Amino acid sequence: MFQRMLDDVNPRVAAILDGALEGREMSVEDAELLLGVEGADQHALLWAADRARQEDVGDDVSYVICRNVNFTNICYVGCSFCGFARHKHQSDAYVHDMDTLLEKCAGAVERGATEICIQGGIHPQKNHEYYRELAATIKNAFPQLHLHAYSPEEIDWGHRKSGMDLADYLRWLMEAGVSSLPGTAAEILDDEIREILSPRKLKTARWVEIIKTAHSIGLPTTSTVMYGHIESARHVAAHMGLIRDIQKETGGFTEFVPLGYIHEMNELYNVLGSRPGSTASEDIRIIAVARLFMRPWITNIQISWVKMGHKLGQIALGAGANDFGGTLMEESISRESGSMFGENTAPEDFRRLIREVGRTPVERNTLYGVLHRFEDPALDPPSMEPGAASGSSEESDTGARSAGSEPVLQVVS
Ligand code: SF4
């Protein structure tokens, strides 16, 4: 019976998968083809990606205890896919003061966080001095926290305000406590697509300049792609090719994170007529193609549980992924675009989800250093989630709920 399935696999697909498993670099054209396979070809793709994952990183699945801190939702950029940004006169626009932000960090530390991810809208009255002060204030109060802060869009804004050399500006932020950058604001690194998604946003060349400069001074970044809107498989494959080329040159990416587009509450779908997001098959295929395409240059392929949900995330763990992302604690970017998967996943939930698919949970730091490997469930630490002592982890002191309990926001820049 299985031979019949193998007989059904397209010989070209089989040759590409064989080549990837033998360590040959996959071409962009081959990735484009794999992104659209179905039936027996898709089964073969997922099997090959799972095999490659096992060879590359073994059976551990990592996660990081982190908190998102969005300091403002006021933004002038106007990305058509964004449900998070507000005009300053809207009733739910906010700019959190430093005390509020420090309280959020303190709450995160109490819950075991090792990382704070700082991103926000591009506020017309904030500048480079504000970005530095925000990082320095948090780092001085909580020196143990890794600050994963400021997307390339925010770096572009702050840098242009500063008048400094780009490398000097990034070093200046590092001195204040920034230790890595989110590789967001990438969406699709193709200026024709970017012109439709967000004409005022930084262009591909500028994104690449910021990322390469960060890597050149020892500031690592993540890498991302946003798919499921107006792009084609050709754009996604070319985007992945650009990310791989940068990685060959700099080695500065810690991971690759495919981000499915959330369509419900934005202009791109409701006015401009984009697709209503990706299918479940696309979500799994892009993880599998990323695993095979990026090897050996990027070995950490991360699931975005906010976009995919926990159950599809578990499937993705069997199709090439080895990282479940972060706890987040406060996820307001995907939620405000219509994501339904909550804004907090507790560490104990990550461990359960990972064990349910027969893998070993590992708590990592931002740079993929192993902090704890949880081989024996009997030795798991007690929950640090608010309400855990009374047996409820449904709702935190911030109003954050566990995944699946409420619609969550799409951040940002
Ligand atoms: S995605 Fe970021 S830059 Fe774009 S509108 Fe939203 S907050 Fe602003």
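Rules behind the numbers
- Residues numbered from 1 in each chain as written.
- Predicted model: local features only at pLDDT ≥ 70, side-chain atom pairs only at ≥ 80, totals over all residues.
- Domains from an automatic or database assignment.
- Contact = placed C-beta atoms within 7 Å.
- Helix = DSSP H or I, 4+ residues; strand = E, 2+ residues; numbered from the N terminus.
- Nonpolar A, V, L, I, M, F, W, Y, C, P; charged D, E, K, R; others polar.
- Buried ≥ 20, exposed ≤ 12 C-beta atoms within 10 Å, placed from the backbone.
- Arc of directions from axis to C-beta.
- Pairing = 2+ DSSP bridges.
- Right-handed = clockwise from strand over helix to strand, strands pointing away.
- Axes fitted to C-alpha atoms, helices over the stretch in contact; angles between N-to-C directions.
- Core = buried A, V, L, I, M, F, W, Y, C linked by C-beta atoms within 7 Å.
- Expected span 1.5 Å × (residues − 1).
- Left-handed = near helix turned anticlockwise from the far one by under 90°.

Engineer: Please clarify how the domain arrangement of the chain should be interpreted in this entry.
Structural biologist: The figure often quoted for interface size is the accessible area lost as the parts come together. Per the domain assignment, the segments making up the chain are domain 1 (2–54) and domain 2 (58–390). Each of domain 1 and domain 2 was reduced to a C-alpha centroid, and the two centroids are 29 Å apart. Each partner contributes residues to the interface: domain 1 has 17 residues there, and domain 2 has 23 residues. Elements with a contribution of two residues or more to the side of domain 1 that touches domain 2: helix 3 (28–34) and helix 4 (39–57). Broken down by element, the side of domain 1 that touches domain 2 gets its largest block of residues, nine residues, from helix 4. Its residues assigned to classes, the side of domain 1 that touches domain 2 shows eleven nonpolar, three polar and three charged.

Engineer: Before we go on, may I ask you to explain helix 15 (residues 310–317) in this structure?
Structural biologist: Given 3.6 residues per turn, any residue in an α-helix points the same way as the ones three and four places further on. Of all the residues in helix 15, the buried ones are H310, G313, Q314, A316 and L317. One side of helix 15 holds all its buried residues, which, seen down the axis, span an arc of 160°. Buried positions along helix 15 lie against strand 1 (60–64), helix 13 (280–294), helix 14 (305–308), strand 8 (323–326) and helix 16 (347–356).

Engineer: For this particular structure, what's the right way to read the pairing of strand 4 (residues 146–149)?
Structural biologist: Every regular strand shows the same layout, with side chains that alternate between the two sheet faces. Of the two faces of strand 4, the one holding H146 and H148 and the one holding L147 and A149 are both buried throughout. Here strand 3 (residues 115–119) pairs with strand 4 via four bridges, running parallel. Following the sheet pairing, I118 is matched in strand 4 by A149. As for the winding sense of the linkage, the β-α-β connection from strand 3 through helix 6 (residues 128–141) to strand 4 is right-handed. Sheet topology note: the strand 4/strand 5 (residues 178–180) ladder contains two bridges and is parallel. Its bridge partner lying in strand 5, L147 is registered against V178.

Engineer: Please explain the sheet that holds strand 3 as it appears in this structure.
Structural biologist: Backbone hydrogen bonds hold the strands of a sheet together, and the pairing may be parallel or antiparallel. Here four strands make up an open sheet; going across it, the order is 2-3-4-5 and the pairing parallel. A single partner strand is all that each edge strand has here, and the edge strands are strand 2 (66–70) and strand 5. Mean inter-strand twist for the sheet, computed between neighbouring axes without regard to direction, equals 40°. In the sheet, strand 2 pairs with strand 3 via five bridges, with the strands oriented parallel. When the bridges of strand 3 are listed, V69 appears paired with I118. In this fold helix 6 packs onto strand 3, strand 4 and strand 5, with an angle of close to 160° to the strand it touches most, strand 4.

Engineer: How should I be thinking about the nonpolar core in this particular structure?
Structural biologist: Ranked by internal contacts, the top residues of the largest apolar core, which has 105 residues, are I116 and I287. Ranked by residue count, the leading element in this core is helix 13, at nine residues. Summarising the domain contributions, this core has at least three residues from each of domain 1 (2–54) and domain 2 (58–390). Look past the residues within four positions of I116 in its chain and what remains in contact with it is C66, R67, V69, C105, A108, I138, L145, L147 and H148.

Engineer: Is there a simple way to explain helix 13 in this structure?
Structural biologist: Between its first and last C-alpha, helix 13 extends 21 Å over 15 residues, near the 21 Å set by a 1.5 Å rise per residue. With respect to burial, helix 13 is a largely interior element, twelve of its 15 residues being buried. For helix 13, the set of buried residues is D283, I284, R285, I286, I287, A288, V289, A290, R291, L292, F293 and M294.

Engineer: For this particular structure, what's the right way to read the packing of helix 11 (residues 233–250) against helix 13?
Structural biologist: Two packed helices can be described by the angle between their axes and the distance between those axes. At their nearest, the axes of helix 11 and helix 13 sit 11 Å apart, and the two run at 35° to each other. Helix-helix and strand crossings are classified by hand; for helix 11 and helix 13 the assignment is right-handed. Contacts between helix 11 and helix 13 involve V236, M240 and R244 from the former and I286, A290, F293 and M294 from the latter. Of the residues in the contact of helix 11 with helix 13, the class split is six nonpolar, no polar and one charged.

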